[in-house]
Amino acid sequence: REPIRLLAGNLMLKTPSSGERMNADSSWVTFLVMLSPFIAAFFAPALTRLLKHNAAWALALAPALVFVHFASFAPKIADGGVVTGGFRWVPSFNVNFSWYVDGLSLTFALLISGIGALIVLYSGGYLKNNENLGRFFSFILMFMGSMLGLVLSDSFLMFFVYWELTSITSFLLIGFDHGREASRRAALQALVVTGLGGLALMAGLLVTWNITGVTQLSLLVSMGEEVRASPFYLMALILLLGGAFTKSAQFPFHFWLPNAMEAPTPVSAYLHSATMVKAGVYLVMRLNPAFGETMAWETILPVFGGTTLVIGSLLAIRQTDLKLMLAYTTVSSLGLMVMMTGFGTEQAVAAGVLYLIAHSMFKGALFMLAGNIDHEAGTRDITRLGGL
């Protein structure tokens, strides 16, 4: 309970003092660990040709390594510290490749890597006879690296680059079965919606940069008074929430997520329950110290989050397809997390964080269970599965 309490506190109007920053971690180890999913993705096709579906066991070592590395930061961060590092990328524009690991980013990094390792193993069995298994492994690992970079990035630019990479790799995964028109349509729809949201996010980051003069999320969280006092506050808030709401399928952008169930079940279990759709929730939680405690924040988030919660729940009970049932309840759960963050109290944020962790694990497991049933019974129609 204590780490969750500290995390909720840091998501309020608190930020670790400079004395708690551990810049000694600016070594290349963390950088290489962040790159390891991309390296594994590069070798995945060749390794799969050599080992067939058993390549999953070798490829799962990459996310497992990521999990172990970031889990080693847990004691420091549970004590209220942060881990930072990076290097200059484009010095003339003050652009750095930097990472910032606090309670929020560590929580996401452990979910992405831990669940990711299990998904890779599951995919080896679920797609055992698929001739494009190597390509699938490559896509899922590239997505994993993109999502990991998103939650760890400190630089505005790197955050945006990784944000867009998650949209591109999710497009490839949703449309993996490209011979089916429904898969191609769902992939294109998801790309268009999240791509437009990405443009809104970029504009919001530029406005925020104009307000504060900083280009790092770790510095932004301590500039709440300046942000909220700016005449451009509402513009920045709406643009940033546009990016968050499209990514996390908030009303009225909720329609793309159920349609994305055309993707193979491992994709649904990983992207559409545990990771990518949580990117918008991550952004909202990350912005809470700087943008929270205003009438706009405490109105927009609860209203849209609550609406999404109700609509997702009502649509879920009408479904007979197992994956669609889970998809609409995922939409509902995402609305709940956004609504809780919008309430702004430390207790509400703590509840949102706890539910985020729980939802990632139980919904990922439920999607994999639905995949098992579909794989063995040949149908996901619950009206035909009585007595199974």
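Look above for the structure.
Note that the coordinates shown come from a computational prediction; the quantities given were computed from them, not determined experimentally.

Asker: Requested: an account of the packing of aromatic side chains, with residues and values cited.
Answerer: Counting across every chain of the model gives 17 aromatic pairs. Here the aromatic rings of Phe87 and Phe97 are separated by 5.3 Å at their centres, their planes lie at 5 degrees, and the arrangement is stacked. Here the residue Phe87 occupies a position in strand β2 (residues 82-90), and Phe97 occupies one in strand β3 (residues 95-101), the gap between them amounting to 10 residues. Looking at Phe87, the relative accessible area reads 27%, which means it is partly exposed.

Asker: Explain the pattern of salt bridges residue by residue, including any values.
Answerer: This model, assessed by the stated rule, comprises six salt bridges. One salt bridge in this structure joins Arg185 and Glu181, with 2.9 Å as the shortest N-O distance. With Arg185 and Glu181 both in helix α9 (residues 181-212) and four residues apart, this pair spans about one turn of that helix. Asp374 serves as the salt-bridge partner of Arg380, at 3.3 Å between the closest nitrogen and oxygen. Look at Arg380 and you get partly exposed, because its relative accessible area is 21%. If you follow the salt bridges from partner to partner, you end up with Asp177, Arg180 and Glu262 in one network.

Asker: Explain the environment of Ala44 to me, and be specific about the residues and the numbers.
Answerer: Within the element layout of this structure, Ala44 appears in helix α2 (residues 28-51). A relative accessible area of 0% means that Ala44 is categorised as buried. On a C-alpha basis, the gap between Ala44 and Pro258 in space is 29 Å, while along the polypeptide they are 214 residues apart. Other than its neighbours up to four places away in sequence, Ala44 contacts Leu59, Gly134, Phe137, Ser138 and Leu141.

Asker: Before we move on, can you summarise a nonpolar patch on the surface with the specific residues and values?
Answerer: Taken together, the side chains of Leu188, Val192, Leu196, Leu199, Met202, Leu206 and Trp209 make up a nonpolar region of the molecular surface, amounting to roughly 670 Å² of accessible area. Among the structural elements, Leu199 can be located in helix α9.

Conventions we followed
Residues numbered from 1 in each chain as written. Predicted model: local features only at pLDDT ≥ 70, side-chain atom pairs only at ≥ 80, totals over all residues. Heavy atoms only, no water. Phe/Tyr/Trp six-rings, centres within 6.5 Å; stacked < 30°, edge-to-face > 60°. Helix = DSSP H or I, 4+ residues; strand = E, 2+ residues; numbered from the N terminus. Buried < 20%, exposed > 50% of the residue type's maximum accessible area, 1.4 Å probe, protein only. Salt bridge = Lys/Arg side-chain N within 4 Å of Asp/Glu carboxyl O. Contact = heavy atoms within 4.5 Å. Patch = residues over 30% accessible without salt bridge, like charges linked within 9 Å, V, L, I, M, F, W, Y side chains within 5 Å. Areas by Shrake-Rupley, 256 points an atom, 1.4 Å probe, with all protein chains shown as cover.

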